[in-house]
Amino acid sequence: MSDSLKDRVRAKLLRQLAEDGAPDTEQDDPRQLSVESDLEALNGVPDNDPLVEELASRYLVF
């Protein structure tokens, strides 16, 4: 089991999406869209990319 910062950030974002539940199909939730966008961006960068640190700060991942 890897415990890299990127893995911890990914786990936090996925946990937030799961806790938010199913998206409302009638209305866009800006917060949920932001989390989904950040998760997609995170998946597209290597472990040592500055975006990983930025997202860790934004989502309070230590």
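Computed from a predicted model, the values in this text were never measured in an experiment.

Engineer: Could you give an account of the environment of Asp 28, with specific residues and numbers?
Structural biologist: Its place among the elements puts Asp 28 in the loop between α1 (5–20) and α2 (30–43). Residues Asp 28 and Tyr 59, 31 residues apart in the sequence, show an inter-C-alpha distance of 21 Å.

Engineer: Talk me through the side chain of Lys 6; I want residue IDs and the actual numbers.
Structural biologist: On the secondary structure map, Lys 6 appears in helix α1. One buried charge, Lys 6, has no salt-bridge partner; the nearest side chain with opposite charge is Asp 47, at 4.0 Å. Of the polar contacts made by the side chain of Lys 6, one reaches the backbone oxygen of Val 45; its length is 2.3 Å.

Engineer: I'd love a proper account of unusual backbone geometry, names of residues and values included.
Structural biologist: Residue Leu 60 is not a glycine yet carries a positive backbone phi of 55°. Mapped onto the secondary structure, Leu 60 falls in the segment after α3 (50–58).

What counts as what
- Residues numbered from 1 in each chain as written.
- Predicted model: local features only at pLDDT ≥ 70, side-chain atom pairs only at ≥ 80, totals over all residues.
- Heavy atoms only, no water.
- Helix = DSSP H or I, 4+ residues; strand = E, 2+ residues; numbered from the N terminus.
- Buried < 20%, exposed > 50% of the residue type's maximum accessible area, 1.4 Å probe, protein only.
- Lys, Arg positive; Asp, Glu negative; His and termini not counted.
- Salt bridge = Lys/Arg side-chain N within 4 Å of Asp/Glu carboxyl O.
- Polar contact = N/O pair within 3.5 Å; in protein donor to acceptor, adjacent residues only side chain to side chain.

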